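# Geometric and topological summary
Residues per chain are reported as follows:
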Amino acid sequence: MKKLILTGLSFLFAVTVLFAQEINPENKAKETVTELTEKLTLTDDQQTAVYNIVLEKVNAKIAIKSDTTLSADVVKEQIQALTATANGKINDLLTDEQKPLFVQYLEEKMANKKE
């Protein structure tokens with residue numbers, strides 16, 4: 001009986017942890033905008049525009065990852081293209097003073113991914 005209860009509790013815990021790791025696109029977009037605002041001192045208009053761009057990117061990324069018909073290489077290429085497009089749109093919104101800081105932010109982010 002104890003084994004059955006422990007097994008049930010273990011299963012419940014595992015399912016809870018699994019669902020807790022799901023990405024909420026709105027939260028991810030807010031986190032990214034907050035981080036960019038701290039690094040680049042974005043204006044309110046820029047924050048709104050960046051939020052929409054990041055939200056669109058996160059939703060598209062989730063859709064790409066959930067498409068089981070795509071190979072891993074194709075998924076990687078599409079996500080890289082999506083990220084490059086989103087970064088280009090964000091870069092277009094920035095002032096000349098913010099652009100070098102954005103490049104630095106992207107370089108730091110890439111360095112952290114490699115680690």
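In the annotation of an unreviewed UniProt entry, the protein chain is listed under the name Peptidylprolyl isomerase and assigned to Sphingobacterium faecale.

This part takes up helix H3 (residues 44-66). The end-to-end C-alpha distance of H3, which contains 23 residues, comes to 33 Å, matching closely the 33 Å that a straight helix rising 1.5 Å per residue would cover. Within the sequence span of H3, burial applies to Gln46, Val50, Ile53, Val54, Leu55, Lys57, Val58 and Ile64. Tucked into the core, H3 has its buried residues touching helix H2 (25-40), helix H4 (72-93) and helix H5 (98-114).

Further remarks concern the packing of H2 against H3. Angle between the axes and distance between the axes: these two values describe a pair of packed helices. Taken N-terminus to C-terminus, the directions of H2 and H3 make an angle of 135°; their axes are 8 Å apart at the nearest point. Between H2 and H3, the angle is such that the two are oblique. As for the relative orientation of H2 and H3, their crossing is right-handed in sense. Contact with H2, carried on its side by Pro25, Glu26, Lys28, Ala29, Lys30, Thr32, Val33, Leu36 and Thr37, involves Gln47, Val50, Tyr51, Val54, Leu55, Val58, Asn59 and Ile62 of H3 and no other residues of that element. Its residues assigned to classes, the contact of H2 with H3 comprises ten nonpolar, four polar and three charged.

So, on to the nonpolar core. Ranked by internal contacts, the top residues of the largest apolar core, which has 15 residues, are Leu36, Val50, Ile90 and Phe102. Looking at this core, the elements that each hand over two or more residues are H2, H3, H4 and H5. The element that contributes the greatest number of residues to this core is H3, accounting for five residues. Those residues in contact with Ile90, other than ones at most four positions away along the chain, are Val50, Ile53, Val54 and Phe102.

Rules used throughout
Residues numbered from 1 in each chain as written. Predicted model: local features only at pLDDT ≥ 70, side-chain atom pairs only at ≥ 80, totals over all residues. Heavy atoms only, no water. Helix = DSSP H or I, 4+ residues; strand = E, 2+ residues; numbered from the N terminus. Expected span 1.5 Å × (residues − 1). Buried < 20%, exposed > 50% of the residue type's maximum accessible area, 1.4 Å probe, protein only. Contact = heavy atoms within 4.5 Å. Axes fitted to C-alpha atoms, helices over the stretch in contact; angles between N-to-C directions. Parallel < 35°, antiparallel > 145°, perpendicular 65-115°, else oblique. Left-handed = near helix turned anticlockwise from the far one by under 90°. Nonpolar A, V, L, I, M, F, W, Y, C, P; charged D, E, K, R; others polar. Core = buried A, V, L, I, M, F, W, Y, C linked by side-chain atoms within 4.5 Å.

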